Amino acid sequence: MSAAEHVVPAPGIPCWVNLMVGDLRAAQAFYAAVLGWEFRTSSLGSGFLVASVGGRPVAGIGERRPGLAPPSVWTPYFAVRDATLTAARIRERGATLAVGPVALGEGRAGLAADRDGAAFGFWEGPGLAWSVGEESAPARLDLQTRDVFEAAVFYGEVFGWADEPGIDVAYRRDHVLVERDGRPALSLRGGGVQTSAQPQSRPRWLVNFAVDDVERAVATAMGAGGGKPQMASSAWSPDGFSRVLQDPGGGLFTLTQRRT
């Protein structure tokens with residue numbers, strides 16, 4: 001990663017998405033086939049890769065230690081000004097601080113779960129030029145949660161949305177939309193069931209990748225060792241068409257039709 005690629009991400013909103021897997025080579029092969037990703041090693045070593053499309057960063061994929069990390073899950077990382085303060089806010093509000101803050105590369109990172117169990121991370125420091133909905137980055141980040149407005153209060157307090165310039169939180173009838181400088185950054189939506197036996201129904205962050213042909217990408221994923229979760233394999237989408245898939249390591253993600 002060159003110095004020219006580093007930027008100071010806007011605090012309070014996601015600055016990256018990451019997946020930790022048990023088999024890094026299998027994950028590379030799967031996402032290269034389904035989404036056309038290329039990979040390069042990062043400043044964190046050979047066990048952590050940066051995925052890109054056309055030279056622009058998409059996501060990170062790292063290899064987890066067996067038995068020392070949770071199952072594969074796509075996790076958004078929020079940019080913060082002070083990782084120590086963020087960790088304290090998480091604990092104060094009854095959520096779980098799983099890791100950190102720890103020094104990592106040129107910054108500090110932490111991993112947590114909100115009060116309903118949805119995993120998220122936070123990052124203090126420079127990062128790659130990356131923004132939801134732009135270029136090759138994920139098209140959307142959505143929180144599937146038990147109580148939309150309770151979740152909005154939690155994340156708003158943890159990340160200081162009310163104090164960050166440019167961040168606007170809009171409370172709609174059935175969801176909450178968070179924008180930065182007039183551009184959607186994330187949404188919070190209902191439907192999460194904490195006691196569900198199905199992982200796709202539990203509270204979690206949904207990472208949505210845009211493709212030109214959803215059904216073709218689904219077929220490619222099936223052929224590359226992926227699968228469809230049990231029960232419904234569709235998800236909410238403002239574009240009217242999306243599919244929930246599972247990679248060979250169990251990581252859930254969503255494919256959305258690319259806007260033309």
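These figures come from a predicted structure and were not determined experimentally.

A. Region of the structure containing the overall build of the protein. A tally of regular secondary structure across the protein gives 4 helices and 17 strands. Burial analysis of the protein (260 residues in total) assigns 48% to the buried set. The long-range share in the protein, meaning contacts at least 24 apart out of those at least 6 apart in sequence, stands at 60%. Put simply, the protein shows about 12100 Å² of open surface, and 51% of that area lies on carbon and sulfur atoms.

B. Examining unusual backbone geometry more closely. Residue Pro-101 is bonded to the preceding Gly-100 through a cis peptide linkage, with omega at 5°. By secondary structure assignment, the location of Pro-101 is in strand 7 (residues 96-104). The phi angle at Asp-181 is positive, at roughly 55°, despite the residue not being glycine. Here Asp-181 lies in the loop between strand 13 (175-180) and strand 14 (183-189). Overall, Asp-181 belongs to the exposed group, its relative accessible area being 58%.

C. Geometry of the packing of helix 2 (residues 83-92) against helix 3 (residues 148-159). Running from N to C, helix 2 and helix 3 point in directions that differ by 150°, and their axes come no closer than 8 Å. In this view, helix 2 runs roughly antiparallel relative to helix 3, as classed from their interaxial angle. Regarding helix 2 and helix 3, the two cross each other, and that crossing is right-handed. Residues Thr-86, Arg-89 and Ile-90 of helix 2 touch helix 3, and the partners they reach there are Glu-157, Val-158 and Phe-159. Partitioned by chemical class, the residues of the contact of helix 2 with helix 3 number 3 nonpolar, 1 polar and 2 charged.

D. Expanded view of the sheet that holds strand 17 (residues 252-257). Pairing is mixed across the open sheet formed by 7 strands, whose spatial order is 12-13-14-11-15-17-16. Because the sheet does not close on itself, it has two edges, and the strands there are strand 12 (167-171) and strand 16 (242-246). With direction set aside, neighbouring strand axes in the sheet form an average angle of 25°. Examined bridge by bridge, strand 15 (residues 204-211) and strand 17 share 4 bridges and lie parallel to one another. Considered in strand 17, the bridge of Asn-208 is made with Thr-254. In this fold helix 1 (residues 24-35) packs onto strand 15, strand 16 and strand 17, with an angle of close to 15° to the strand it touches most, strand 17. Against the sheet, helix 3 makes contact with strand 11 (140-144), strand 12, strand 13, strand 14 and strand 15, and its axis sits at roughly 130° relative to strand 14, the strand it touches most.

E. Quick peek at the pattern of salt bridges. Applying the stated criterion to the full structure yields 13 salt bridges. Note that Arg-108 is salt-bridged to Glu-124, the shortest N-O span being 2.9 Å. Linking Arg-108 in strand 8 (residues 107-113) with Glu-124 in strand 9 (residues 119-124), this pair joins segments that are 16 residues apart in sequence. Counted as one network, the salt bridges with shared partners bring together Asp-82, Arg-108 and Glu-124.

F. Main features of the packing of helix 1 against helix 4 (residues 214-223). Relative orientation of the contacting elements helix 1 and helix 4 amounts to 155°, with a least axis distance of 8 Å. It follows from the interaxial angle that helix 1 and helix 4 lie roughly antiparallel. Pair helix 1 / helix 4 crosses with right-handed handedness. For the pair helix 1 and helix 4, contact is made by Phe-30, Ala-33 and Val-34 and by Ala-217, Thr-220 and Ala-221, respectively. Considering only residue class, the contact of helix 1 with helix 4 consists of 5 nonpolar, 1 polar and no charged.

G. The arrangement of the confidence of the model for the protein in detail. For the protein, mean pLDDT is 86; residues scoring 70 or higher make up 87% of the total. When mean pLDDT is taken per element in the protein, helix 2 scores highest with 97 and strand 1 (residues 6-7) scores lowest with 79. Confidence drops under a pLDDT of 50 for residues 231-236, and excluding neighbours within four residues, the segment shows 17 contacts in the predicted structure.

What counts as what
Residues numbered from 1 in each chain as written. Predicted model: local features only at pLDDT ≥ 70, side-chain atom pairs only at ≥ 80, totals over all residues. Heavy atoms only, no water. Helix = DSSP H or I, 4+ residues; strand = E, 2+ residues; numbered from the N terminus. Buried < 20%, exposed > 50% of the residue type's maximum accessible area, 1.4 Å probe, protein only. Contact = heavy atoms within 4.5 Å. Areas by Shrake-Rupley, 256 points an atom, 1.4 Å probe, with all protein chains shown as cover. Axes fitted to C-alpha atoms, helices over the stretch in contact; angles between N-to-C directions. Parallel < 35°, antiparallel > 145°, perpendicular 65-115°, else oblique. Left-handed = near helix turned anticlockwise from the far one by under 90°. Nonpolar A, V, L, I, M, F, W, Y, C, P; charged D, E, K, R; others polar. Pairing = 2+ DSSP bridges. Salt bridge = Lys/Arg side-chain N within 4 Å of Asp/Glu carboxyl O. pLDDT = per-residue confidence, 0-100.

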